[in-house]
Amino acid sequence: MPILRVYIISMHLKKTPTHIVSAILVACFVLAIFSITKVQAQTKNISIKQVTNDAPNLIVITTDGFRWQEVFNGMDFDLANQKVFNHGDSLYLYKKYGAATVSERQKLLLPFIWNTVATQGQLYGNRFKENKVNVANPHWFSYPGYNEIFTGYPDSIINSNDYPPNPYSNFLGFLNTQKEYKGKVAAFAAWDAYDRILNDAVSGFPVINGFESVSSLLKDPISENLSNLLKDSYQPFKKVECLDVFTHYQAMHYLKTKQPKVMYISYGETDEWAHHGNYSNYLDAAHQVDAWLNDIWNYVQNTKGYKNNTYILITTDHGRGFGSEWTTHGADVKGAANIWFALLGPGLQKIGPLGEQTKTQQLYQKQLAATITKLLGHPFKAEHPIGEAIY
Ligand SMILES: [Zn+2]
């Protein structure tokens, strides 16, 4: 079972190169302090208008291994009925997410996606309507998937969650080299592999992942409090991954305090609970991410500098299997390459019609990097090949 292998490797890795991790952390800390000091120095001398300039903002959000089946069909009755997945409480699932029609089930599980994104944005990947999105990498698990999203290059050599720091540059780091975005990029992730996936030692922007705390970037009572809560929190996934609630509130605090122009938030519970075979927790985790999307969008649309000038990309790193194989994924699991994505923001008409995409088409995860940076007006350039923009 590839996923079990992946987990063991991840946990093992956390233990082995302590001195390397420490060195990287110290380097990041120094870099972070340097960039904070620099931004603070700039802020003193120029107006807010110049700090949050007119270039479009971007927030990328992923929820790990969340299936297209639930996005487009809501709760799966067949899975909800099985005791091994409902853990003896099918009533809970039926009451919260059960409804006769697809449209009702969509809105019970993901109200923001279906009430807001599906009307004001674009939603891709409904294979019931032949609108297909796949990962292009051959592995169908997390590190290769996130690499594909952020580098646009699904190189098969990235073949393990244990893979060392990513040799390929990503579009977050690229944007951080552009005048309008310099020093205004940050990433927050529940999973502790992100310092390698985004290679924060060389990418030049802060990556707060796993049990790292926003208090390394911000010195204020809220950050300190969040840091203490994180440290003492329940750790069902041990030290590999924190609960999403901590990643979310640390990211939101950073967003409100530092007003970054490019931000990434990575949630992980959907994948973790699926591997645990817990369908209630899996759906609840997705439902909570949807509620946070609503909070993020409300903040964006009510804040000067972000309002009507912010793109949001929502997607996932890989799919999962069909039927009772919903718990797992990997190259030997049929359907685990099938994903979805959603876009919100100004100027989407350039890409195609708004709403749920029903055109027969085949898109790939590797196209997201070029697509989103083209929308920002700063097409991603790198030393490696990049998947084509979808428009
Ligand atoms: Zn997984």
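Computed from a predicted model, the values in this text were never measured in an experiment. The numbers attached to residues start from 1 for each chain and follow its sequence in the written order. Two thresholds apply to this predicted model, a pLDDT of at least 70 for residue-level local features and 80 or more for giving and counting side-chain atom pairs, whereas whole-chain, interface and lining totals are computed over all residues. Side-chain numbers come from the whole structure's heavy atoms, not from hydrogens or water.

1. A word on the confidence of the model for the protein
In step 1: On a range of 0 to 100, pLDDT expresses the predictor's confidence in each residue. Residues of the protein with pLDDT of at least 70 account for 87%, and the chain-wide mean is 90.
In step 2: The contact criterion used throughout is that any non-hydrogen atoms of two residues lie within 4.5 Å. Predicted confidence is poor over residues 1-21, with pLDDT under 50, and the contacts of this stretch with residues over four places away or in other chains come to 21 contacts.
In step 3: Low pLDDT, under 50, characterises residues 30-51; the stretch is placed with 14 contacts to residues that sit more than four places away or in other chains.

2. Observations regarding the sheet that holds strand S7 (residues 310-315)
In step 1: Only strands that DSSP links by at least two bridges are regarded as paired with each other. Every helix listed is a DSSP run of H or I at least four residues long, and every strand listed is a run of E at least two residues long, numbered separately from the N terminus. Ordered by their spatial adjacency, eight strands build an open sheet running S5-S4-S6-S1-S7-S9-S2-S10, and the pairing between neighbours is mixed. Each edge of the open sheet is held by one strand with a lone partner, namely strand S5 (207-209) and strand S10 (355-356).
In step 2: Bridge analysis of strand S4 (residues 185-189) against strand S6 (residues 262-267) gives five bridges, and the strand direction is parallel. By the bridge assignment for S6, alanine 186 is matched with methionine 263.
In step 3: Contacts from helix H15 (residues 244-258) reach strand S1 (57-63), S4, S5 and S6 within the one sheet, and its direction differs from that of S6 by about 170°. Every axis in this analysis is a line fitted to C-alpha atoms, fitted for helices over the stretch in contact. Angles between the N-to-C directions lie between 0 and 180 degrees.

3. Describing the packing of aromatic side chains
Each aromatic ring pair is described using two quantities: the centre-to-centre distance and the angle formed by the ring planes.
In step 1: For this analysis, a ring pair means two rings from Phe, Tyr or Trp (six-membered ring only for Trp) whose centres lie within 6.5 Å, classed as stacked if their planes differ by under 30 degrees, edge-to-face if by over 60, and tilted for the remaining angles. For the structure shown, the criterion picks out 24 aromatic pairs.
In step 2: Ring centres of tryptophan 191 and tyrosine 194 lie 6.3 Å apart, and the angle between their planes is 90°; on these two criteria the pair is classed as edge-to-face. This pair shows no difference in class: tryptophan 191 is buried, exactly as tyrosine 194 is.
In step 3: Between phenylalanine 237 and tryptophan 273, the ring centres sit 5.2 Å apart and the planes meet at 65°, which makes this aromatic pair edge-to-face. On the criterion of sequence distance, the pair formed by phenylalanine 237 in the loop between helix H14 (221-231) and H15 and tryptophan 273 in helix H16 (residues 269-275) is long-range, its members being 36 residues apart.
In step 4: Residue exposure (1.4 Å probe, protein chains only): buried if accessible area is under 20% of the type maximum, exposed if over 50%, otherwise partly exposed. A relative accessible area of 7% means that phenylalanine 237 is categorised as buried.
In step 5: Among the aromatic residues, those joined into a cluster by ring pairs are Tyr146, Phe150, Phe171, Phe174, Trp191, Tyr194, Tyr264 and Phe380.
In step 6: Here, a charge over a ring is recorded when the distance from Lys NZ or Arg CZ to the ring centre is within 6 Å and its angle to the ring normal is within 35 degrees. The ring centre of tyrosine 364 lies 5.8 Å from the NZ or CZ of lysine 366, which sits over that ring.
In step 7: The ring of tyrosine 391 has lysine 374 sitting right over it, with the charged end atom 4.6 Å from the ring centre.

4. Side note on the coordination of the zinc ion
In step 1: Of the protein atoms, only Asp271 (OD), Asp271 (OD), His275 (NE2) and His329 (NE2) coordinate the zinc ion, at distances of 2.1 to 2.4 Å.
In step 2: Donor criterion used throughout: N, O or S atom within 2.8 Å of the metal, extended to 3.2 Å for Na, K and Ca. Water excluded; incomplete-looking sites may result. Expressed as a motif, the donor residue spacing for the zinc ion is D-x3-H-x53-H. Of the two residues, histidine 275 is situated in helix H16 and histidine 329 in the loop between S7 and strand S8 (338-339); the sequence distance between them amounts to 54 residues.
In step 3: Judged by relative accessible area, which is 3%, histidine 329 ranks as buried.

5. A closer look at helix H18 (residues 368-376)
In step 1: Counting buried positions along H18 gives eight out of nine residues, so the element sits mostly inside the fold.
In step 2: Within H18 the residues assigned to the buried category are Leu368, Ala369, Ala370, Thr371, Ile372, Thr373, Leu375 and Leu376.
In step 3: Those residues of H18 that are buried lie in contact with S1, helix H10 (142-151), helix H11 (171-175), S7, strand S9 (341-344) and strand S11 (361-364).
In step 4: Just past H18, the residue glycine 377 takes up positive phi, approximately 85°.

6. Here we look at the pattern of salt bridges
In step 1: The working definition used for a salt bridge is a side-chain nitrogen of Lys or Arg within 4 Å of a carboxyl oxygen of Asp or Glu. In total, this model carries seven salt bridges according to the counting rule given.
In step 2: Between glutamate 356 and lysine 129 there is a salt bridge whose closest N-O contact spans 3.4 Å. Placement of glutamate 356 in strand S10 and of lysine 129 in the loop between strand S2 (122-124) and strand S3 (131-134) is noted, with a sequence separation of 227 residues between them.
In step 3: Residue class for lysine 129 comes out partly exposed when judged on its relative accessible area of 39%.
In step 4: By sharing partners, the salt bridges in this structure join Arg67, Glu70 and Asp76 into a single network.

7. Description of the environment of alanine 201
In step 1: With respect to the helices and strands, alanine 201 occurs in helix H13 (residues 200-203).
In step 2: Taking relative accessible area as the criterion, alanine 201 reaches 34% and is therefore assigned partly exposed.
In step 3: Considering only alpha carbons, one finds alanine 201 and proline 165, 36 residues apart in sequence, at a separation of 8.5 Å.

8. Digging into the nonpolar core
In step 1: In this text, buried Ala, Val, Leu, Ile, Met, Phe, Trp, Tyr and Cys residues form a nonpolar core when linked through side-chain atoms within 4.5 Å. Phe188, Tyr279 and Ile296 are the most contacted members of the largest nonpolar core, which has 61 residues in total.
In step 2: The element best represented in this core is helix H17 (residues 279-301), accounting for twelve residues.

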